[in-house]
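Fold and contact review
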Amino acid sequence: QVQLVESGGGLVQTGGSLRLSCAASFTTYAMGWFRQAPGEEREFVGAINWSGGSTRYADSVKGRFTISRDNAQKTVYLQMNDLKPEDTAVYYCAGRDQAVLTTSPRKYGYWGQGTQVTVSS
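Residues numbered from 1 in each chain as written. Predicted model: local features only at pLDDT ≥ 70, side-chain atom pairs only at ≥ 80, totals over all residues. Heavy atoms only, no water.

Before going further, it helps to examine the pairing of strand 9 (residues 89-96). Judged by how many residues are buried, strand 9 sits mostly within the fold: seven of eight residues are covered. In the sheet, strand 4 (residues 30-36) pairs with strand 9 via seven bridges, with the strands oriented antiparallel. Bridge pairing in strand 9 places Gln36 opposite Val90. Note: strand 9 against strand 11 (residues 115-120), three bridges, orientation antiparallel. In the strand pairing of strand 11, Tyr91 is matched with Thr115. When strand 9 meets strand 10 (residues 110-111), the two strands line up antiparallel, connected through two bridges. (Buried < 20%, exposed > 50% of the residue type's maximum accessible area, 1.4 Å probe, protein only. Helix = DSSP H or I, 4+ residues; strand = E, 2+ residues; numbered from the N terminus. Pairing = 2+ DSSP bridges.)

Below, the structure is given as structure tokens:
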């Protein structure tokens, strides 16, 4: 069973930056980041393949967020720049045993507990 633990969340002002980390007990082929705001469905943020050579992002974060991974450290990162109040949510790391970078949360079998990101205006 893969265990995922996120860290790095916090409170930041509009325009600020945060870097989230996701430590895994085992690496999986595809890793993704999702977020969920109160009263909203969980939404795709981005994903990265095993080698790190392929990434996929939601349009809302493209150009501001960057996913990377260090397989030796079994860690995936989400660098978030130019943060906006609408980025406020609980951010979840997810993993799947297939290589395709899917946007559907139902396709990911492993989940972390989440970390809160709050962007103040």
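Don't stop here, the text continues.
Time to look at the nonpolar core. One finds Leu4, Trp33, Phe65, Leu78, Met80 and Tyr91 to be the most contacted residues of the largest nonpolar core, which totals 33 residues. Counting residues per element, the ones that place at least two in this core are strand 3 (18-24), strand 4, strand 5 (43-48), strand 7 (65-70), strand 8 (75-80), strand 9 and strand 11. Filtering out sequence-adjacent residues up to four positions away, Phe65 remains in contact with Arg35, Val45, Tyr57, Leu78, Gln79, Met80, Asn81, Leu83, Asp87 and Tyr91. (Core = buried A, V, L, I, M, F, W, Y, C linked by side-chain atoms within 4.5 Å. Contact = heavy atoms within 4.5 Å.)

As a further point, take the state of the cysteines. Defined simply, a disulfide is a covalent bond joining two cysteines at their sulfur atoms. What the rule picks out here adds up to one disulfide. In this model, Cys22 is linked to Cys93 through a disulfide, with the two sulfur atoms separated by 2.1 Å. Judged by the torsion about the S-S bond (-75°), the Cys22/Cys93 disulfide is left-handed. Highlighted residues: Cys22 in strand 3 and Cys93 in strand 9, separated in sequence by 71 residues. Looking at Cys93, the relative accessible area reads 0%, which means it is buried. (Disulfide = S-S within 2.5 Å.)

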